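# Observations on the model geometry
Single-letter residue listing:
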Amino acid sequence: MQKNQIIHGDSAKELSKMEAGTVDLIVTDPPYLVNYKDRTGRTLKNDNNADGVLPVFEPMARVLKDNAYCICFCGWSALPQFTAAWEAAALRIVGQIIWKKRYASRRGYTEYRHETAYVLAKGNPAKPVYPLSDVKDWVYSGNKRHPTEKAVEVIAPLIRSFSKAGDLVLDPFSGSGATAVAAVLNDRDFIGIELEEAHCDTARNRLAGAQAYKAKQSNQTQGVAA
């Protein structure tokens, strides 16, 4: 499959077209299975459909290289369903990262003031040379491009810690393309897959900007060297 593109389609079907063991790192933010609706009424496809989300983990694990990492954002309310899917895909939890928010995103039995991602391992990957803190400060994206948009500043440290320059980073729930943008800005290749066409268009436009920025940086560096 061609690198450095955002694919419009169903992740499980698109991943079936990829060769096994070709991806160096997965960083993804799937629907949390909470039937989410933001203040303006925006929703997410498959956020009330576990069958549209959980079966993607086995093909994800198939295309991931042996002894590699998958970083998956996940909410607590559907954690039993996610952990069962991870176990079935032979992805084991080896770490957890919590981002502290300065505001409450929801109020229920408690105020929700954090986001969580789980560090999953396929096989026994080497530990990062400089491990990330498992408690970090949240950077709010504003959710302008997507109802649950993650800031590039949140994603980029994950990519730097769990992969190296030139690696291929996959996001099968690409949304507005934050993972792909972070990959480009940190000299990684990427593949993004997104079910909703409007979000694909957003991601592609963002990527064009990120790629132009990197090209400008490269030209400036070459000019200085000359």
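Reading guide: rules and limits
- Residues numbered from 1 in each chain as written.
- Predicted model: local features only at pLDDT ≥ 70, side-chain atom pairs only at ≥ 80, totals over all residues.
- Heavy atoms only, no water.
- Phe/Tyr/Trp six-rings, centres within 6.5 Å; stacked < 30°, edge-to-face > 60°.
- Helix = DSSP H or I, 4+ residues; strand = E, 2+ residues; numbered from the N terminus.
- Buried < 20%, exposed > 50% of the residue type's maximum accessible area, 1.4 Å probe, protein only.
- Axes fitted to C-alpha atoms, helices over the stretch in contact; angles between N-to-C directions.
- Parallel < 35°, antiparallel > 145°, perpendicular 65-115°, else oblique.
- Left-handed = near helix turned anticlockwise from the far one by under 90°.
- Contact = heavy atoms within 4.5 Å.
- Nonpolar A, V, L, I, M, F, W, Y, C, P; charged D, E, K, R; others polar.
- Pairing = 2+ DSSP bridges.
- Core = buried A, V, L, I, M, F, W, Y, C linked by side-chain atoms within 4.5 Å.

### Regarding the packing of aromatic side chains
What the rule picks out here adds up to nine aromatic pairs. Ring centres of Phe 57 and Phe 82 lie 6.0 Å apart, and the angle between their planes is 80°; on these two criteria the pair is classed as edge-to-face. Linking Phe 57 in helix α2 (residues 57-63) with Phe 82 in helix α3 (residues 79-88), this pair joins segments that are 25 residues apart in sequence. Exposure remark for Phe 57: the relative accessible area of 0% places this residue in the buried category.

### What to know about the packing of helix α4 (residues 152-162) against helix α5 (residues 178-185)
Packing of α4 against α5 leaves a shortest axis separation of 9 Å and a crossing angle of 55°. Classified by the angle between their axes, α4 and α5 sit oblique to one another. Here α4 and α5 pass one another in a crossing that is right-handed. Where α4 approaches α5, its residues Val 152, Ile 155, Ala 156 and Ile 159 are matched on the opposing element by Ala 178, Thr 179, Val 181, Ala 182, Ala 183 and Leu 185. For the contact of α4 with α5, the class distribution of residues is nine nonpolar, one polar and no charged.

### Topic: the sheet that holds strand β10 (residues 189-194)
Here eight strands make up an open sheet; going across it, the order is β1-β10-β9-β2-β3-β7-β4-β8 and the pairing mixed. Of all strands in the sheet, those bounded by a partner on one side alone are β1 (5-8) and β8 (135-137). In this sheet, adjacent strand axes meet at a mean angle of 20° when their direction is disregarded. Examined bridge by bridge, strand β4 (residues 92-100) and β8 share three bridges and lie parallel to one another. Paired with Trp 99 across the bridge in β8 is Lys 136. In the packing of α3 onto the sheet, the strands contacted are β3 (64-73), β4 and β7 (114-122), and the crossing angle to β7 comes to about 15°.

### So, the nonpolar core
By size, the foremost hydrophobic cluster in this structure holds 32 residues, and its most contacted members are Leu 25, Val 27, Ile 71, Phe 73, Trp 99 and Ile 159. At seven residues, the largest contribution of residues to this core is made by α4. Excluding anything up to four places from it in sequence, Leu 25 contacts Leu 64, Tyr 69, Ile 71, Leu 158, Ile 159, Phe 162, Ser 163, Leu 168, Val 169 and Leu 170. The next biggest cluster of nonpolar side chains, apart from the first, holds 31 residues, and it includes Leu 33, Cys 72, Tyr 118 and Leu 168.

### Examining the side chain of Asn 186
Mapped onto the fold, Asn 186 is located in the loop between α5 and β10. Judged by relative accessible area, which is 12%, Asn 186 ranks as buried. Apart from the residues within four sequence positions on either side, Asn 186 is in contact with Ala 156 and Arg 160.

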